[in-house]
Amino acid sequence: MNKMPSSIRRFFFNCIAVAVLLIFILLSHPFLRIPYDVWDHLIKIRNIFDHGMCYLYWPDDPSFMCLWHFLWAQLFRILSISDTLIWARIIHASQFALAAGAVYYYSNTVIRILQPDMQSVHRNALSYFACLLWFVGNGTYSIVHQQSWITWYSVNYQGLTIPLFWYMSALVLQAFFQNPGKGRRFFILCQVLGISALISA
């Protein structure tokens, strides 16, 4: 009996891993306990959505660094979604997936640099395991609640900026250690500059 080709095995392995991740994301819930800061961010999005201004409690006291809030408010306007709790689920799920993808990409890049001869199926398995360690190992005992990193930060701007930092770090490592061509280096530089501007906005 012929063995299954390695490319098909990799494909099925990746499909199973992604399916498990998506199921876990869809079954998870954002951390919405009062009075934690997730509600500050949702209130700012609500005020932008309803009034076009980024503030927490009083219009005369506007907030700064509201790009993340403006982006989500605009998306929810386009989608005609006005339920704040649905907003929280959408932000949580999308930023959870983004974080998983960014950590996987960073881990895969580091392993590829350190062990260039490792088979891709083993490298992928280690990268998925790194995602698990990231979400479990970075659980933070915050105040009186033990929550995994993404549950705690998935509905605020850090759920976007920290994954983007890991992705940007992977790009920088590729530029220095994988000898990309000039076109690829230029593309990496543009991404790094763009992400840096977004993170600092």
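For the structure itself, consult the block above.
Reading the values: the criteria
- Residues numbered from 1 in each chain as written.
- Predicted model: local features only at pLDDT ≥ 70, side-chain atom pairs only at ≥ 80, totals over all residues.
- Heavy atoms only, no water.
- Patch = residues over 30% accessible without salt bridge, like charges linked within 9 Å, V, L, I, M, F, W, Y side chains within 5 Å.
- Areas by Shrake-Rupley, 256 points an atom, 1.4 Å probe, with all protein chains shown as cover.
- Salt bridge = Lys/Arg side-chain N within 4 Å of Asp/Glu carboxyl O.
- Helix = DSSP H or I, 4+ residues; strand = E, 2+ residues; numbered from the N terminus.
- Buried < 20%, exposed > 50% of the residue type's maximum accessible area, 1.4 Å probe, protein only.
- Core = buried A, V, L, I, M, F, W, Y, C linked by side-chain atoms within 4.5 Å.
- Expected span 1.5 Å × (residues − 1).
- Polar contact = N/O pair within 3.5 Å; in protein donor to acceptor, adjacent residues only side chain to side chain.
- Disulfide = S-S within 2.5 Å.

Please clarify how a nonpolar patch on the surface should be interpreted in this entry.
On the surface, Phe 129, Leu 132, Leu 133 and Val 136 cluster together to form a nonpolar patch covering roughly 410 Å² of accessible area. If you trace the backbone, Phe 129 turns up in helix α5 (residues 120-137). Looking at Phe 129, the relative accessible area reads 46%, which means it is partly exposed.

What am I meant to see in the nonpolar core here?
Burial of nonpolar side chains together is a common tendency in soluble globular proteins. Residues Ile 45, Trp 68, Trp 72, Phe 76, Trp 87, Ile 91 and Val 155 are the most contacted members of the largest nonpolar core, which totals 24 residues. Secondary-structure elements contributing two or more residues to this core are α2 (38-51), α3 (67-79), α4 (84-114), α7 (158-177) and α8 (182-200). If you look at the next biggest cluster of nonpolar residues, it comprises nine residues, including Phe 96, Val 103, Tyr 104 and Cys 131.

Would you mind going over α4 with me for this structure?
A turn of α-helix holds 3.6 residues, and therefore any two residues three or four places apart point the same way. Look at α4: 45 Å from first C-alpha to last across 31 residues, which is about the 45 Å you get at 1.5 Å a residue. Sitting at the head of α4, Asp 83 places a side-chain oxygen 2.8 Å from the backbone nitrogen of Leu 85.

What is the right way to read the state of the cysteines from this model?
Under the counting rule described, the total for this entry stands at one disulfide. A sulfur-sulfur distance of 2.0 Å marks the disulfide that ties Cys 54 to Cys 66. Across the S-S bond linking Cys 54 and Cys 66, the dihedral sits near -70°, which makes this disulfide left-handed. Here Cys 54, found in the loop between α2 and α3, pairs with Cys 66, found in the loop between α2 and α3; they are 12 residues apart in sequence, far enough to count as distant. The class for Cys 54 is buried, based on a relative accessible area of 6%.

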